[in-house]
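Examining the three-dimensional arrangement
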Amino acid sequence: MLSNREGQRVPEVTFRTRVGNEWRDVTTTDLFQGKTVVVFALPGAFTPTCSSTHLPRYNELAPVFKSNGVDDILCLSVNDAFVMDAWAGDQAAENICFIPDGNAEFTEKMGMLVGKKELGFGSRSWRYSMLVKDGVIDKMFIEPDQPGDPFEVSDADTMLGYINGEAALPKRVTVFSKPGCPHCARAKNALREAGYSFEEIELGSRGLSYSTLAAVTGAGTTPQVYIEGERIGGADELEQWLAAAVS
C-alpha cells in the first residue's frame, strides 16, 4: 500500500553522495531545513520516461519554480551515487540536485519502496512528487497503484499548478546549430539577452547531419530556431521576431 505522508516530517536519512571524486554525507536536515523543496522520485536513472520526460521538464521549469518560492528541486532514485552522477552529466540538468538513495532507506521510510524484480530492477522507488516546507510534507502526488510505470500526476506541470496555477510558463525553444558558426552564436546570445532558455542541437552530435537538418527543418543552413514548434529561421529572422515580441 503506497503511503501518503502529507503533514508529516520527511524521514531522517543520511545519503552517501559524490562531490567531484570525494564522498560526502548529506542529511535530510541539510536538504530540507529552512527551505521550500520540490522532490520528484522515480524508478531509475537512464530509464525511458525518467530521462525523456520526468526529469527534463522539472529542469526546464526550475526558474519558474524558483520565482514561485521553491529553493531547490531534488531528483531521488534508488541508485548509487556513481550512477546518479553519470545520469546528471548525461542529462545536463544543471537546475536539479540528484540524490542517490542507494540503500533505499529514504524510499522505504516514505512507504514508496516497490518490487520490480520482473524487470531485473530489484527494489525501487514508486514514482511520486512532493512539496516539502521546512522538513514537513505539504503535498504529495503519487502515481496510481497500477501495473507498469504510470506517469500521470508526478510531473512538473502538475506540481507547478498546485503551487501557482497561474504561473507563466517559459516558451520552448530549440536551436539547431553547428560548432564555430558565428550566426549560431549571435542567435544564442540574442535568446539569452531576451531571457529565453533553449535546447541546442549541434550538427555532428546525436547523428545529426546536414541532410537530417534539411529533412527536419526544411533548410540546410544554421542556425535554425524553433519557438513553441514554430520555425523562426536564422539569426536575422530571430532578431526580427524578438523585436516584434517586445513591441
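In what follows, the structure referred to is the one given above.
The structure reproduced in this document is the subject of the present report. Sequence order as written defines the numbering, with residues in each chain counted from 1. Residues qualify for local features only when their pLDDT is at least 70, as the model is predicted, and side-chain atom pairs are given and counted only at 80 or more; totals for whole chains, interfaces and linings, by contrast, use all residues. As a convention, hydrogens and water are excluded, and side-chain values are obtained from all of the structure's heavy atoms.

**Some thoughts on unusual backbone geometry**
At the junction of threonine 222 and proline 223, the peptide bond is cis and its omega measures out at 0° in the coordinates. Of note, proline 223 is situated in the loop between helix 7 (210-217) and strand 12 (224-227). The phi torsion at phenylalanine 46 lies on the positive side, around 70°, for a residue other than glycine. When you line up the elements, phenylalanine 46 lands in the loop between strand 3 (36-42) and helix 2 (48-67). By the criteria applied, helices consist of DSSP H or I runs no shorter than four residues and strands consist of E runs no shorter than two, each listed in order from the N terminus.

**Side note on the sheet that holds strand 4 (residues 72-77)**
One open sheet holds the five strands; their spatial order is 5-4-3-8-9, and the pairing between them is mixed. Every other strand in the sheet has two partners, leaving strand 5 (97-100) and strand 9 (136-142) as the edge strands with one partner each. The sheet shows a mean angle of 20° between the axes of neighbouring strands, taken without regard to direction. Pairing between strands is defined by DSSP: at least two bridges between them are needed. In the sheet, strand 4 pairs with strand 5 via four bridges, with the strands oriented parallel. Bridge assignment links cysteine 75 to a residue of strand 5, and that residue is phenylalanine 98. On the sheet, helix 2 packs against strand 3, strand 4, strand 5 and strand 8 (128-133) and is oriented at approximately 170° with respect to strand 3. On the sheet, helix 3 (residues 81-91) packs against strand 3, strand 4 and strand 5 and is oriented at approximately 160° with respect to strand 5. In this analysis, axes come from line fits to C-alpha atoms, helices being fitted only over the stretch in contact, and the angle between any two N-to-C directions falls in the range 0 to 180 degrees. Here, residues are in contact when the closest pair of their heavy atoms is within 4.5 Å.

All we've got here are geometric facts, nothing functional implied.
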